[in-house]
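# Inside the fold
Chain by chain, the residues run as shown.
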Protein chains: 2
Amino acid sequence: MSAERVVTLEELDFLATGAWILGTGGGGDPYHGLLALKALYAEGARVPLIQADTLADDAMVGVISQMGAPVVNLERTADPAMTMKPVVMMERHFNRRFDALMLSEIGGGNSIQPFLAAAKLGRPVVDADTMGRAFPSVFHTSFAVGDLQSYPYALADIRDNEVMVMRCENWLWNERIARKILVEWGSRAFSCKAPRTGREVKDWGIHGSVTQAIEIGRALHTARLRHEDPIAALLTQQNGRALFRGKVIDVERRTTAGHLRGVCQLEGLDDNRGEHYSLEFQNEFLVGRHDGAIEVTTPDLICVLDSVSGEAVGTERLRYGQRVTVIALPSPKLFLTPKGLAHTAPVAFGYDFDFVSAFPAAGI
Amino acid sequence: MSAERVVTLEELDFLATGAWILGTGGGGDPYHGLLALKALYAEGARVPLIQADTLADDAMVGVISQMGAPVVNLERTADPAMTMKPVVMMERHFNRRFDALMLSEIGGGNSIQPFLAAAKLGRPVVDADTMGRAFPSVFHTSFAVGDLQSYPYALADIRDNEVMVMRCENWLWNERIARKILVEWGSRAFSCKAPRTGREVKDWGIHGSVTQAIEIGRALHTARLRHEDPIAALLTQQNGRALFRGKVIDVERRTTAGHLRGVCQLEGLDDNRGEHYSLEFQNEFLVGRHDGAIEVTTPDLICVLDSVSGEAVGTERLRYGQRVTVIALPSPKLFLTPKGLAHTAPVAFGYDFDFVSAFPAAGI
């Protein structure tokens, strides 16, 4: 991978497809963001992608995301001007220009948001994020695992409301404060998290995740062009595992405290005929139960894909009758450490059981 | 009134007594704040009180209050260090020292909060506030009536959480954002509102309200020493009107969205024997009904006093059997203008009827 290159127009589709899969059901559909980014590309914008290890130790990196309940994003299009707002707030606060922007989460629509701001502001994007997937809150990030400072961070809405959280007690309070404001704003806010030094990004970022998403998307698109099974291609490329093939027979879903929570029931098809699968989610899929037994949990990536196209199915898009394949992809290594698991295993979501991996060989 | 004088130790008791009456049931009991301020006076602190008209046009004035549900304040003592926090945040933000501090509301505990910060920081307090009483939100302030800019404002809690609201769409959004954060923090926050210029304070402050509170307290204390009726003394001094004398027979009370809402029922005694009175409140008393007919509403000050001592009874302190006297005091003139009424009449609290004054001669 060269130190800096431009993300091409063709790769934007790959990025959106791959990021939606890495979203593990959450992060929101990247589609609206993709349209907005393509419009900027049509106007001539091109966003450079740089590798984290090329950052100067004292570089200042802006960490960008859109926060909210994915269901709300079904109804609201993406707007680069909104994504920019908290970036500009933060630069004004520090009276310093960000050297680069990076992703808070590669999973779902937040894969695109930093590119929108970068295209408008003429900045590079770092090939890294803080989750390697999507997760419900900042508590589940690599920067929280690293106990980096959680403040200041900037929040803006589509009106003229702008908030800077100057200090917070810890990452949980960071999330609690942001979540309340977000809900009051209609479950959508634009955020620029605590700025990171180049050193911090090098030490604690999840590296290569933009490239990973692009490569996943490329594998799927290529397999489909060749009339090959896109899911098989993805599993081979990413060392993933197919867990279940079936159809959706029930979805329970409720939006609470700015999150989408629920459970999805699947009835087996093909090799899984006569079997049952359930998937519990909070924005993202957290727990998979095969005939009642826990087979996989967070931080493994649990992804639900359309069985034919291989495209991701988000938790807000699940509906009766869909033919889907449940797969698992390996978690970033950082989340498999004891400290990482404290932030991302089922206990971090209120469950009373430990991490169950679909990849026991990885050796927890 | 001289341009600047020091508030004496004796006057602190008067201030607390008078402010609690001007709180119209809300603003929170000043008692904890009074103890904290007396402790600072015991250490030698003395707070200068200055008249608004002595402020330079370009002076920068900090507007201080504690936000929250009064019931919470029954359980939490006052801490000058907490009151200081948002002041320091704001001075850091503007890189400028406040020339003076002023009260957001004279009613209740917020009469004392700016004195705590002023005593710690060595600043004068302006003899003015933005309500002339207590009200539930910043929408009900003279600065909102004046359409002054509502941002930036600073919020801090008793942990290590600090928020700067940099912009807000309008005064209602200012309140909505602050209220959500406040509730998440446990219905108590310390705030420094949008800084005001000396010119703005001169044009839009409610002037003389600190002195008014001290004078009310002095009248009550003096009458009691002389074994005279303290309520009669207060009504004479403030051109108030006694509306009802009775005992509390029922209180409905609930804390919702950081406010204390409810209704209190009174049964008549003495001249009002056989009659009934009800008082609806949202932190403060908003509507008084005499035998079912609306007799008085906000923005008139509706105060409930202990029939013997004349001390205020807060909405969070009402209980069965209390002997109380309901009185009305005239509203600041600003709130009687059409724009003022839009912010403070019953419609501003969700009622569908207009202002009913206990002082019809004032000519609305």
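Since we're looking at a predicted model, the values are computed, not measured.

### A closer look at the overall build of chain A
Along the backbone of chain A there are 11 helices and 18 strands. Taken over the C-alpha atoms alone, chain A extends approximately 60 × 45 × 40 Å along its principal axes. Sorting the 364 residues of chain A into buried and exposed places 60% on the buried side. A fraction of 74% describes how many contacts in chain A between residues 6 or more apart in sequence connect residues 24 or more apart.

### Quick look at the relation of the copies chain B and chain A
Rotating chain B by 180 degrees about the axis while translating it 0.0 Å along that axis superimposes it on chain A, leaving an RMSD of 0.0 Å. Both copies of the chain, as the preceding transformation shows, are related through a two-fold rotation axis. When C-alpha distances to the rotation axis are compared across chain B, the minimum falls at M164(B), with a value of 2.5 Å. When the interface residues of chain B are mapped onto chain A, 100% of them again lie at the interface, so the same face is used by both copies.

### Some thoughts on the interface of chain B and chain A
Note: interface size is frequently given as the accessible area lost on complex formation between the parts. If you look at the interface, chain B gives 18 residues, while chain A gives 18 residues. Broken down by secondary-structure element, the contributors of at least two residues to the side of chain B that touches chain A are β8 (162-167) and α7 (171-184) of chain B. Residue composition of the side of chain B that touches chain A, grouped by class: nine nonpolar, one polar and eight charged. Bridge analysis of strand β8 (residues 162-167) of chain A against β8(B) gives five bridges, and the strand direction is antiparallel. Bridging from a neighbouring strand, V163(A) pairs with V165(B) of β8(B).

### Regarding the domain arrangement of chain A
Residues and elements named next belong to chain A. We note that the domain assignment places domain 1 (4-209) and domain 2 (228-362) within chain A. One C-alpha centre belongs to domain 1, the other to domain 2; they are set 24 Å apart. Between domain 1 and domain 2, the contact holds 29 residues from the first and 27 residues from the second. Elements with a minimum of two residues in the side of domain 1 that touches domain 2: α1 (9-22), α3 (70-73), α6 (142-145) and α7 (171-184). Ranked by residue count, the leading element in the side of domain 1 that touches domain 2 is α1, at four residues. Of the residues assigned to the side of domain 1 that touches domain 2, the class counts are 16 nonpolar, 10 polar and three charged.

### Structural notes on the packing of α1(A) against helix α2 (residues 31-42) of chain A
All names here are of chain A. Where α1 contacts α2, the two axes come as close as 10 Å, and the packing angle between them is 170 degrees. One way to sum up the angle between α1 and α2 is to call them roughly antiparallel. Between α1 and α2, the contacting residues are L9, L12 and A16 on the first element and Y31, L34, L37, K38 and Y41 on the second. Partitioning the contact of α1 with α2 into residue classes produces seven nonpolar, no polar and one charged.

### What about helix α9 (residues 209-225) of chain B?
Residue and element names in this part refer to chain B. If you check α9, its first and last C-alpha atoms are 24 Å apart, about what 17 residues at 1.5 Å a residue would give, namely 24 Å. Residues of α9 that are buried: S209, V210, T211, Q212, A213, I214, I216, G217, A219 and L220. Looking one or two residues past α9, H227 carries a phi angle of roughly 55 degrees, positive in sign.

Cut-off values and rules
- Residues numbered from 1 in each chain as written.
- Chains lettered and ligands numbered in written order.
- Predicted model: local features only at pLDDT ≥ 70, side-chain atom pairs only at ≥ 80, totals over all residues.
- Helix = DSSP H or I, 4+ residues; strand = E, 2+ residues; numbered from the N terminus.
- Buried ≥ 20, exposed ≤ 12 C-beta atoms within 10 Å, placed from the backbone.
- Contact = placed C-beta atoms within 7 Å.
- Least-squares fit on C-alpha atoms with pLDDT ≥ 70 in both.
- Nonpolar A, V, L, I, M, F, W, Y, C, P; charged D, E, K, R; others polar.
- Pairing = 2+ DSSP bridges.
- Domains from an automatic or database assignment.
- Axes fitted to C-alpha atoms, helices over the stretch in contact; angles between N-to-C directions.
- Parallel < 35°, antiparallel > 145°, perpendicular 65-115°, else oblique.
- Expected span 1.5 Å × (residues − 1).

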